[in-house]
Amino acid sequence: MILASWNCNSLTVRMPRVLEFLDLHQPDVLCLQETKVRTETVPHLELQMAGYTAIDHSSGGRNGVAILVKDGLDVQDVTRGLPGEPNPDEARWIDAVVQGIRIVSVYVPNGRSPEDPAFTDKLRFLQALTDRASAWADGRTIVTGDFNIAPGDLDVYDPVRYIGTTHTSAKERQTLTDLGSVGFVDAFRHLHPEQQTFSWWDYRGGNFHKNLGMRIDLFMVSEPLHRSHDMSYEMARDFRKGTKPSDHAPIILRLTP
(Lines give C-alpha, C1' and ligand atoms only; values in the text may rest on other atoms or scores of the structure.)
Protein backbone atom coordinates (compact mmCIF):
# COMPACT_ATOMS: atom_id res chain seq x y z
CA MET A 1 0.00 0.00 0.00
CA ILE A 2 1.17 3.51 -0.80
CA LEU A 3 0.03 6.20 1.61
CA ALA A 4 0.69 9.91 1.36
CA SER A 5 -0.01 12.90 3.55
CA TRP A 6 0.03 16.57 2.64
CA ASN A 7 -0.93 19.81 4.29
CA CYS A 8 -2.07 21.35 1.03
CA ASN A 9 -2.83 24.79 2.55
CA SER A 10 -6.12 25.19 0.61
CA LEU A 11 -7.48 22.45 -1.59
CA THR A 12 -9.10 25.06 -3.83
CA VAL A 13 -5.81 26.82 -4.55
CA ARG A 14 -3.74 23.64 -4.68
CA MET A 15 -6.14 21.44 -6.65
CA PRO A 16 -3.99 21.35 -9.83
CA ARG A 17 -1.00 20.30 -7.74
CA VAL A 18 -3.06 17.65 -5.92
CA LEU A 19 -4.18 16.17 -9.23
CA GLU A 20 -0.59 16.28 -10.46
CA PHE A 21 0.56 14.47 -7.32
CA LEU A 22 -2.12 11.78 -7.63
CA ASP A 23 -1.22 11.17 -11.27
CA LEU A 24 2.51 11.01 -10.63
CA HIS A 25 2.64 8.97 -7.42
CA GLN A 26 -0.64 7.00 -7.61
CA PRO A 27 -1.06 6.65 -3.83
CA ASP A 28 -3.70 4.27 -2.58
CA VAL A 29 -4.56 6.86 0.06
CA LEU A 30 -3.78 10.57 0.26
CA CYS A 31 -4.50 12.29 3.57
CA LEU A 32 -4.95 16.05 3.32
CA GLN A 33 -4.85 18.74 5.96
CA GLU A 34 -5.76 22.43 5.99
CA THR A 35 -8.14 21.92 3.08
CA LYS A 36 -9.97 25.19 3.85
CA VAL A 37 -13.15 24.16 2.04
CA ARG A 38 -16.79 23.80 2.96
CA THR A 39 -18.40 20.39 2.67
CA GLU A 40 -20.41 21.52 -0.36
CA THR A 41 -17.31 22.81 -2.17
CA VAL A 42 -15.14 19.71 -1.93
CA PRO A 43 -14.20 18.97 -5.59
CA HIS A 44 -15.64 15.46 -5.63
CA LEU A 45 -16.18 15.30 -9.38
CA GLU A 46 -12.62 16.26 -10.28
CA LEU A 47 -11.27 13.74 -7.80
CA GLN A 48 -13.59 11.04 -9.08
CA MET A 49 -12.32 11.69 -12.60
CA ALA A 50 -8.82 11.16 -11.23
CA GLY A 51 -9.92 7.84 -9.73
CA TYR A 52 -10.36 8.84 -6.08
CA THR A 53 -13.18 9.20 -3.57
CA ALA A 54 -12.88 12.02 -1.06
CA ILE A 55 -13.97 11.49 2.53
CA ASP A 56 -13.88 14.89 4.19
CA HIS A 57 -14.40 16.70 7.44
CA SER A 58 -14.73 20.35 6.47
CA SER A 59 -15.37 23.54 8.37
CA GLY A 60 -15.10 26.21 5.71
CA GLY A 61 -12.47 27.95 7.83
CA ARG A 62 -8.71 27.68 7.91
CA ASN A 63 -8.76 24.00 8.83
CA GLY A 64 -10.34 20.88 7.36
CA VAL A 65 -9.06 17.37 6.74
CA ALA A 66 -9.75 14.68 4.16
CA ILE A 67 -8.83 11.15 3.10
CA LEU A 68 -8.70 10.47 -0.64
CA VAL A 69 -9.05 6.77 -1.43
CA LYS A 70 -8.26 5.16 -4.77
CA ASP A 71 -11.20 3.54 -6.52
CA GLY A 72 -11.74 -0.12 -5.71
CA LEU A 73 -10.36 -0.07 -2.17
CA ASP A 74 -12.58 -1.09 0.72
CA VAL A 75 -13.53 1.76 3.09
CA GLN A 76 -15.37 1.28 6.36
CA ASP A 77 -16.04 2.90 9.72
CA VAL A 78 -15.53 6.59 8.90
CA THR A 79 -15.37 8.92 11.92
CA ARG A 80 -15.29 12.69 11.76
CA GLY A 81 -14.00 14.53 14.80
CA LEU A 82 -11.86 13.55 17.77
CA PRO A 83 -13.54 12.71 21.09
CA GLY A 84 -12.37 15.21 23.71
CA GLU A 85 -10.97 17.81 21.32
CA PRO A 86 -11.44 21.36 22.63
CA ASN A 87 -12.93 22.92 19.47
CA PRO A 88 -14.92 20.29 17.55
CA ASP A 89 -16.10 22.78 14.92
CA GLU A 90 -12.56 23.24 13.60
CA ALA A 91 -12.56 19.95 11.61
CA ARG A 92 -9.10 18.67 12.49
CA TRP A 93 -9.54 14.87 12.57
CA ILE A 94 -10.97 12.20 10.31
CA ASP A 95 -10.32 8.47 10.35
CA ALA A 96 -11.43 5.48 8.31
CA VAL A 97 -10.53 1.83 7.87
CA VAL A 98 -9.08 1.34 4.38
CA GLN A 99 -8.22 -2.23 3.34
CA GLY A 100 -8.21 -3.23 6.99
CA ILE A 101 -5.90 -0.42 8.16
CA ARG A 102 -7.17 2.37 10.40
CA ILE A 103 -5.92 5.60 8.79
CA VAL A 104 -6.17 8.96 10.52
CA SER A 105 -5.68 12.35 8.86
CA VAL A 106 -5.01 14.94 11.57
CA TYR A 107 -4.25 18.64 11.62
CA VAL A 108 -2.99 19.54 15.09
CA PRO A 109 -3.51 23.17 16.17
CA ASN A 110 -0.50 25.45 15.81
CA GLY A 111 -0.66 26.79 19.36
CA ARG A 112 0.67 30.26 18.45
CA SER A 113 2.87 30.74 21.56
CA PRO A 114 3.21 29.05 24.97
CA GLU A 115 1.56 32.09 26.60
CA ASP A 116 -1.46 32.07 24.31
CA PRO A 117 -4.73 30.31 25.31
CA ALA A 118 -4.46 28.55 21.94
CA PHE A 119 -1.46 26.66 23.31
CA THR A 120 -3.61 25.22 26.10
CA ASP A 121 -6.11 24.12 23.44
CA LYS A 122 -3.26 22.51 21.51
CA LEU A 123 -2.21 20.50 24.55
CA ARG A 124 -5.81 19.44 25.14
CA PHE A 125 -6.08 18.34 21.53
CA LEU A 126 -2.82 16.40 21.81
CA GLN A 127 -4.06 14.64 24.95
CA ALA A 128 -7.25 13.65 23.14
CA LEU A 129 -5.14 12.43 20.19
CA THR A 130 -2.97 10.33 22.52
CA ASP A 131 -6.00 8.79 24.21
CA ARG A 132 -7.67 7.92 20.92
CA ALA A 133 -4.58 6.55 19.19
CA SER A 134 -3.51 4.56 22.24
CA ALA A 135 -6.78 2.66 22.11
CA TRP A 136 -5.81 1.50 18.60
CA ALA A 137 -2.12 0.84 19.26
CA ASP A 138 -2.48 -2.94 19.26
CA GLY A 139 -4.14 -2.91 15.85
CA ARG A 140 -3.25 -1.90 12.30
CA THR A 141 -3.22 1.88 12.63
CA ILE A 142 -1.51 4.88 11.02
CA VAL A 143 -1.93 8.40 12.36
CA THR A 144 -0.61 10.87 9.82
CA GLY A 145 -0.76 14.56 9.09
CA ASP A 146 0.51 17.91 10.24
CA PHE A 147 1.33 17.41 13.92
CA ASN A 148 2.78 20.91 14.32
CA ILE A 149 5.48 19.25 16.43
CA ALA A 150 9.11 18.74 15.49
CA PRO A 151 9.89 15.43 17.25
CA GLY A 152 13.52 16.24 18.08
CA ASP A 153 16.25 18.81 17.62
CA LEU A 154 17.39 17.05 14.46
CA ASP A 155 13.98 17.95 12.98
CA VAL A 156 14.57 21.71 13.24
CA TYR A 157 17.08 23.70 11.22
CA ASP A 158 18.14 25.70 14.32
CA PRO A 159 16.97 24.26 17.67
CA VAL A 160 18.29 27.24 19.61
CA ARG A 161 16.10 29.59 17.60
CA TYR A 162 13.00 27.68 18.71
CA ILE A 163 13.69 27.63 22.44
CA GLY A 164 10.64 29.02 24.22
CA THR A 165 8.38 28.71 21.19
CA THR A 166 5.76 26.22 20.07
CA HIS A 167 6.48 23.07 18.04
CA THR A 168 9.54 22.05 20.06
CA SER A 169 8.44 22.32 23.70
CA ALA A 170 8.77 19.37 26.06
CA LYS A 171 5.01 19.31 26.60
CA GLU A 172 4.30 18.97 22.88
CA ARG A 173 7.04 16.40 22.30
CA GLN A 174 5.72 14.37 25.22
CA THR A 175 2.78 13.41 22.98
CA LEU A 176 5.11 11.59 20.60
CA THR A 177 6.93 10.00 23.53
CA ASP A 178 3.59 8.77 24.88
CA LEU A 179 2.64 7.35 21.48
CA GLY A 180 6.02 5.63 21.32
CA SER A 181 5.47 4.11 24.74
CA VAL A 182 2.30 2.36 23.54
CA GLY A 183 3.95 1.08 20.37
CA PHE A 184 3.70 3.72 17.65
CA VAL A 185 6.83 4.55 15.68
CA ASP A 186 7.69 7.70 13.76
CA ALA A 187 8.23 5.97 10.41
CA PHE A 188 10.83 8.38 9.06
CA ARG A 189 12.96 8.43 12.21
CA HIS A 190 12.63 4.66 12.57
CA LEU A 191 14.02 4.21 9.07
CA HIS A 192 16.56 7.06 9.18
CA PRO A 193 17.82 7.56 12.76
CA GLU A 194 20.47 10.16 11.90
CA GLN A 195 19.13 11.86 8.76
CA GLN A 196 17.85 15.42 8.74
CA THR A 197 15.00 16.31 6.44
CA PHE A 198 12.18 18.82 6.66
CA SER A 199 8.57 18.90 5.49
CA TRP A 200 7.67 22.56 6.10
CA TRP A 201 9.40 25.80 5.17
CA ASP A 202 8.10 29.31 5.82
CA TYR A 203 7.13 31.15 2.64
CA ARG A 204 9.08 34.18 3.85
CA GLY A 205 12.77 34.96 3.51
CA GLY A 206 13.53 32.34 0.89
CA ASN A 207 13.54 29.71 3.64
CA PHE A 208 12.80 26.83 1.30
CA HIS A 209 15.78 27.58 -0.93
CA LYS A 210 17.96 28.01 2.17
CA ASN A 211 16.51 24.76 3.60
CA LEU A 212 15.48 26.48 6.83
CA GLY A 213 12.60 24.24 7.80
CA MET A 214 11.09 21.78 10.25
CA ARG A 215 9.84 18.21 10.05
CA ILE A 216 6.33 18.46 11.44
CA ASP A 217 4.43 16.14 9.06
CA LEU A 218 4.59 12.60 10.39
CA PHE A 219 3.54 9.01 9.89
CA MET A 220 2.99 7.38 13.28
CA VAL A 221 2.64 3.64 12.64
CA SER A 222 1.39 1.08 15.14
CA GLU A 223 3.71 -1.73 16.20
CA PRO A 224 1.67 -4.62 14.71
CA LEU A 225 1.66 -2.86 11.35
CA HIS A 226 5.34 -1.91 11.17
CA ARG A 227 6.40 -5.34 12.43
CA SER A 228 4.36 -7.11 9.74
CA HIS A 229 5.38 -4.83 6.87
CA ASP A 230 8.52 -3.45 5.31
CA MET A 231 8.38 0.34 5.20
CA SER A 232 9.98 2.92 2.94
CA TYR A 233 9.64 6.69 3.13
CA GLU A 234 9.85 9.46 0.58
CA MET A 235 9.36 13.20 0.81
CA ALA A 236 8.09 14.71 -2.46
CA ARG A 237 10.17 17.88 -2.22
CA ASP A 238 9.42 18.97 -5.78
CA PHE A 239 5.86 19.77 -4.76
CA ARG A 240 7.18 22.55 -2.53
CA LYS A 241 8.51 24.11 -5.75
CA GLY A 242 6.80 25.38 -8.88
CA THR A 243 3.48 27.14 -9.33
CA LYS A 244 1.50 27.99 -6.19
CA PRO A 245 3.17 25.50 -3.84
CA SER A 246 1.95 24.75 -0.35
CA ASP A 247 4.40 25.59 2.42
CA HIS A 248 4.50 21.84 3.16
CA ALA A 249 5.82 19.03 0.99
CA PRO A 250 3.90 15.75 0.70
CA ILE A 251 5.30 12.73 2.53
CA ILE A 252 4.91 9.18 1.22
CA LEU A 253 4.97 5.84 3.05
CA ARG A 254 5.11 2.50 1.26
CA LEU A 255 4.05 -0.62 3.15
CA THR A 256 4.97 -4.06 1.80
CA PRO A 257 3.78 -7.19 3.66
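Since we're looking at a predicted model, the values are computed, not measured.

Let us now look at the overall build of the chain. Helix and strand counts for the chain stand at seven helices and 14 strands. Taking 257 residues into account, the globule formula puts the C-alpha radius of gyration at 18 Å, and the chain, at 17 Å, falls close to it. Counting only residues that meet the buried cut, the chain has 56% of its 257 residues in that class. Carbon together with sulfur atoms contributes 49% to the accessible area of the chain, which is approximately 10900 Å² in total. Of the charged side chains in the chain, 27 are positive and 34 negative; the average position of the first set lies 5 Å away from that of the second.

Attention now goes to the layout of surface pockets. Here the largest pocket is characterised by a volume of approximately 590 Å³. Around the largest pocket sit 27 residues that line it, and Glu34, Tyr107, Pro109, Asn110 and Asn148 are the ones nearest its centre. When its residues are assigned to classes, the lining of the largest pocket shows eight nonpolar, 10 polar and nine charged.

This brings us to the packing of aromatic side chains. Scanning all chains against the criterion turns up seven aromatic pairs. Ring geometry for Phe21 against Phe239: centres 5.3 Å apart, planes inclined by 80°, an arrangement best described as edge-to-face. Here Phe239 lies in the loop between strand S13 (230–235) and strand S14 (251–256) and Phe21 lies in helix H1 (residues 11–25), a separation of 218 residues in the sequence. According to the relative accessible area criterion, Phe21 is buried, its value standing at 0%. Residue class for Phe239 comes out buried when judged on its relative accessible area of 4%. Taken together, the ring pairs connect Trp6, Phe21 and Phe239 into an aromatic cluster. Sitting over the face of the ring of Trp136, Arg102 holds its NZ or CZ atom 4.7 Å from the ring centroid.

Attention now moves to the packing of helix H3 (residues 117–134) against helix H4 (residues 170–181). Direction vectors running N to C along H3 and H4 enclose 0°, while the axes themselves pass 10 Å from each other. One way to sum up the angle between H3 and H4 is to call them roughly parallel. Here Phe119, Lys122, Leu123, Leu126, Leu129, Thr130 and Ala133 of H3 come into contact with H4, specifically with Lys171, Glu172, Thr175, Asp178 and Leu179. Classifying every residue of the contact of H3 with H4 by side-chain character gives six nonpolar, two polar and four charged.

Here we come to the environment of Leu68. Its location among the elements puts Leu68 in strand S4 (residues 65–70). Exposure remark for Leu68: the relative accessible area of 1% places this residue in the buried category. Measuring from C-alpha to C-alpha, the distance between Leu68 and Leu179 comes to 25 Å, with 111 residues separating the pair along the chain. Discounting chain neighbours no more than four positions away, the residues touching Leu68 are Val18, Leu22, Asp28, Val29, Leu30, Leu32, Leu47, Tyr52, Thr53 and Ala54.

Turning next to the sheet that holds strand S9 (residues 185–186). The strand order S5-S6-S7-S8-S12-S9 describes an open sheet built from six strands, whose pairing is mixed. Looking at strand neighbours, the two that pair on one side only are strand S5 (75–80) and S9, the edges of this open sheet. As defined by bridge partners, S5 adjoins strand S6 (residues 93–98) across four bridges and the pair is classed as antiparallel. Residue pairing in the sheet places Thr79 in a bridge with Asp95 of S6. Across the sheet, H3 touches S5, S6, strand S7 (101–107) and strand S8 (141–146), and the angle it forms with S7 is around 180°.

Calculation rules
- Residues numbered from 1 in each chain as written.
- Predicted model: local features only at pLDDT ≥ 70, side-chain atom pairs only at ≥ 80, totals over all residues.
- Heavy atoms only, no water.
- Helix = DSSP H or I, 4+ residues; strand = E, 2+ residues; numbered from the N terminus.
- Rg over C-alpha atoms; globule rule 2.2 N^0.38 Å.
- Buried < 20%, exposed > 50% of the residue type's maximum accessible area, 1.4 Å probe, protein only.
- Areas by Shrake-Rupley, 256 points an atom, 1.4 Å probe, with all protein chains shown as cover.
- Lys, Arg positive; Asp, Glu negative; His and termini not counted.
- Charge placed at Lys NZ, Arg CZ, Asp CG, Glu CD.
- 1 Å grid on protein atoms, 1.4 Å probe; cavity = no way out; pocket = protein on both sides within 12 Å on 5 of 7 lines; lining within 4 Å.
- Points joined across faces, edges and corners; volume = space filled by probe spheres on them.
- Nonpolar A, V, L, I, M, F, W, Y, C, P; charged D, E, K, R; others polar.
- Phe/Tyr/Trp six-rings, centres within 6.5 Å; stacked < 30°, edge-to-face > 60°.
- Lys NZ or Arg CZ within 6 Å of the ring centre and 35° of its normal.
- Axes fitted to C-alpha atoms, helices over the stretch in contact; angles between N-to-C directions.
- Parallel < 35°, antiparallel > 145°, perpendicular 65-115°, else oblique.
- Contact = heavy atoms within 4.5 Å.
- Pairing = 2+ DSSP bridges.

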